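Residues per chain are reported as follows:
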Amino acid sequence: MPLQKQQKNLSTNRNARLSFYLLSLFMVIAFLQHGLLFKPEYWLIGVLLYLGASAALIMGRLPSHPYFYVAVCLVGWYVLSTFYAINPQNAISASGKLALAIPFLILGAQLTHSYRVLLMRLLIYVSAGWVLIGGLLKQFREGRFEGTLEYANSWGALLLTALIMQISLTAISKNKMDYWISAILLIGILLTGSRTVFLIALILIPIQLFILKKNSLQPWLHKMQLRSLYLFAIPLITLICALAISRNLTWLNRFTSISPHASEWEARLGYYRDAWRIITGSPFVGYGGGSWNILQYQFQTAAYSVRYLHNFWLETWIDVGLIGVLMIVLLIFLTFRQAITQYKFVTSSDKAWILGCLLASCGLLIHSTVDFTFSYPLLFCLWVLLGQWTAISQPLETTDRTPRLTSHLSVRLSVVLIFITASFVSIRLGIAESLLIKADQRYAAQKNSKEAILLLEQSSNYALFPADQHDKLASLYLIRYLANKSSTTDIKRAEMEANQALAINPKDPHLLFLQTQIDYVIGNKVNAVERLRILQQQFPFRADIRDEYAKWTVR
């Protein structure tokens with residue numbers, strides 16, 4: 001073999017190993033950090049992904065499939081929405097979560113097929129392991145298994161993804177442990193009590209087994225060998241008996257009470273009706289990421305306050321309009337097109353892999369229509385990666401040439417520069433969110449407003465749009481003034497911080513309410529009462545505004 005080709009193969013192997021290690025690290029840490037939802041750590045972990053993808057690009061290649069570039073456009077559109085968002089702080093946060101998918105896709109493109117399978121097995125084994133560990137640690141809330149994600153429905157969706165991929169990998173190369181792992185994943189899904197995940201499993205898994213049987217990839221489905229049945233039934237029956245002994249049957253009661261008239265379904269239908277009213281106000285470009293958190297109070301027709309809409313499509317439409325929704329539709333179209341195209345021409349084992357990736361991707365997508373699945377960076381990155389992997393790529397060592405765009409050094413260096421910039425932004429935002437959380441914890445535990453204020457001021461210096469920091473500072477200065485009214489400095493500082501927060505988020509009802517409270521304390525009572533009356537009419541379901549107005553008018 002020529003020396004040049006040997007060097008190319010060596011760098012390719014290094015790229016594949018580096019990409020595998022980084023993706024493995026992200027998945028393991030994501031399990032430990034509750035899927036990185038509501039966590040500042042995903043900004044800091046993102047730095048590793050960006051820098052790792054940069055190193056991979058210098059030695060490797062950019063993905064050549066249009067799927068990757070549509071994903072880049074979707075993330076870019078989210079970033080652009082920050083400039084017109086009604087809540088820039090939430091918008092940059094939403095952009096950051098989605099943006100992790102880009103280094104994920106680049107690293108995933110460097111993997112040979114054997115590394116892809118190995119990474120998926122890691123996900124499966126870690127999922128099954130955490131089902132066992134979670135049972136021992138009693139990771140239950142209200143009788144439902146929440147696992148490491150601390151939310152039963154999303155944990156169930158992740159376990160279903162692992163189970164679908166496990167079935168496909170079992171069809172490719174069976175061993176005795178596969179049946180035990182499948183049983184553990186299945187019992188984990190049942191323990192979550194997620195009726196949506198259960199229904200999705202009832203649809204997708206029979207489809208998967210039927211197609212595998214049709215392609216003669218599951219001979220035990222033909223003959224129903226007793227040995228195979230025992231290998232699956234023994235762990236399943238054992239775990240069910242253990243659950244019965246523990247009398248933890250909340251999950252079973254949920255499955256026996258499946259109804260379209262369940263309270264959570266009716267509540268979500270109410271959210272969706274209100275969301276559509278929001279969408280009609282800006283149908284094409286939306287309001288920027290995270291806008292639901294503010295706009296729900298202006299358009300709600302019932303009393304509720306939910307951080308997420310529980311519908312990926314509608315929330316995306318609110319955030320980035322019809323343009324963003326069409327990009328996601330295009331991603332789905334490209335996934336199905338490349339899966340169907342390649343399915344006809346590949347070997348039986350590759351067919352099992354494509355089928356698993358496609359159905360697992362569908363499972364996550366379907367679940368996202370009734371829950372906030374993709375608010376977890378782990379689940380969203382996994383979804384885009386499965387979509388990319390429906391294309392069976394040859395090992396990079398055997399690829400003689402790649403398209404010009406993927407091998408052009410100047411293009412790759414430009415992307416590296418963007419990634420380095422993103423890493424810098426991620427570090428700043430990660431520090432800002434960490435300090436913000438630390439300030440909340442410090443004040444809640446010790447009621448030490450002085451130290452909390454110092455932490456919030458440090459946090460605002462790192463944040464790009466420090467609306468939350470100014471909001472919390474205004475509240476703390478107001479509390480200090482009410483405790484010691486001789487200090488006029490505190491109330492002036494509270495007024496200044498509230499105004500700075502409103503300059504960033506002028507439509508936030510909480511900030512508008514806080515401003516009227518400060519105005520009332522200063523002595524502008526008549527003006528404050530009138531403004532609060534207007535706020536009560538504008539946000540009729542805000543109990544805090546309603547209760548405060550009642551107190552002020554009684555006086």
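Everything below is about the structure printed above this text.
Below or above, wherever it landed, is the structure these notes cover. Small disclaimer: the values here were computed from a predicted structure and weren't measured. (Residues numbered from 1 in each chain as written. Predicted model: local features only at pLDDT ≥ 70, side-chain atom pairs only at ≥ 80, totals over all residues. Heavy atoms only, no water.)

What to know about the pattern of salt bridges
When their charged atoms lie close together, side chains carrying opposite charge are able to pair. The cut-off we apply is this: Salt-bridge detection follows one rule: a side-chain nitrogen of Lys or Arg within 4 Å of a carboxyl oxygen of Asp or Glu. By definition, any uninterrupted DSSP run of H or I lasting at least four residues is a helix, any uninterrupted run of E lasting at least two residues is a strand, and each is numbered from the N terminus. Exposure is judged per residue with a 1.4 Å probe applied to protein chains only, and the accessible area is read against the type maximum: over 50% gives exposed, under 20% gives buried, and values in between give partly exposed.
Tallied over the full model, the rule gives 12 salt bridges. Taking the shortest distance from any N to any O, the salt bridge between Arg 531 and Asp 519 comes out at 3.0 Å. One end of the pair, Arg 531, is in helix 24 (residues 525–538); the other, Asp 519, is in helix 23 (residues 509–522), with 12 residues separating them in the sequence. Here Arg 531 falls in the partly exposed class, since its relative accessible area comes to 24%. Residue Asp 519 is classed as buried on the basis of its relative accessible area of 8%.

Observations regarding the environment of Val 416
Selection rule: The contact criterion used throughout is that any non-hydrogen atoms of two residues lie within 4.5 Å.
Of note, Val 416 is situated in helix 19 (residues 409–446). Classification of Val 416 by relative accessible area gives buried; the value is 8%. Sequence-distant contacts of Val 416, that is, excluding residues within four places in its chain, are made with Ser 54, Leu 57 and Ile 58.

A few points about the packing of aromatic side chains
Remark: the centre distance and the inter-plane angle together describe each pair of aromatic rings, the angle taken between the planes. To keep it simple, the criterion reads: Under the pairing criterion, centres of Phe, Tyr and Trp rings, with the six-membered ring standing for Trp, must be within 6.5 Å; the plane angle then separates stacked pairs below 30 degrees from edge-to-face pairs above 60, leaving the rest tilted. Here, a charge over a ring means that NZ of Lys or CZ of Arg falls within 6 Å of the ring centre while also lying within 35 degrees of the ring normal.
Scanning the entire structure with this criterion turns up 23 aromatic pairs. Each ring, one from Tyr 151 and one from Phe 372, has its centre 4.7 Å from the other, and the planes form 25°; the classification is stacked. With Tyr 151 in the loop between strand 2 (144–145) and helix 7 (152–172) and Phe 372 in the loop between helix 16 (348–368) and helix 17 (377–388), this pair connects stretches of sequence that are 221 residues apart. What makes Tyr 151 buried here is its relative accessible area of 16%. Here the aromatic rings of Phe 372 and Tyr 376 are separated by 6.3 Å at their centres, their planes lie at 10°, and the arrangement is stacked. The burial state of Phe 372 is the same as that of Tyr 376; both residues are buried. Taken together through their ring pairs, the aromatic side chains of Phe 312, Trp 313, Phe 374, Phe 380 and Trp 383 make up a single cluster. Over the face of the ring belonging to Tyr 297 we find Arg 542, whose NZ or CZ atom lies 4.7 Å from the ring centre.

Brief notes about empty space enclosed by the protein
Rules: Put simply, the grid is 1 Å and covers the protein atoms alone, a cavity is a trapped set of points that fit a 1.4 Å probe, a pocket is an open set with protein on both sides within 12 Å along at least five of seven lines, and lining residues have an atom within 4 Å of a point. Grid points are joined across faces, edges and corners, and a volume is the space filled by probe spheres set on the points. Note on residue classes: Ala, Val, Leu, Ile, Met, Phe, Trp, Tyr, Cys and Pro are nonpolar, Asp, Glu, Lys and Arg are charged, and everything else, Gly too, is polar.
This structure, assessed with the given rule, holds 4 cavities of 30 Å³ or more. Quantified by volume, the largest cavity comes out at close to 60 Å³. In terms of lining, the largest cavity is formed by Tyr 67, Leu 331, Ile 332, Thr 335, Phe 336, Leu 358, Ser 361, Cys 362, Leu 365, Trp 383 and Gly 387. Put simply, the parts of the chain that give the lining of the largest cavity at least two residues each are helix 15 (312–343), helix 16 and helix 17. Within the lining of the largest cavity, the residues separate by chemical class into 8 nonpolar, 3 polar and no charged.

Structural notes on the nonpolar core
Going by this rule: Think of a nonpolar core as a cluster: buried Ala, Val, Leu, Ile, Met, Phe, Trp, Tyr and Cys residues, connected wherever their side-chain atoms sit within 4.5 Å.
Counting residues in hydrophobic clusters, the biggest one holds 112 residues, and the most contacted among them are Phe 26, Ile 106, Met 120, Trp 155, Leu 158, Trp 353 and Trp 383. Of the residues forming this core, the biggest block, 12 residues, is contributed by helix 7. Setting aside its immediate chain neighbours within four residues, Met 120 contacts Met 165, Leu 169, Trp 353, Leu 382, Leu 386 and Trp 389.

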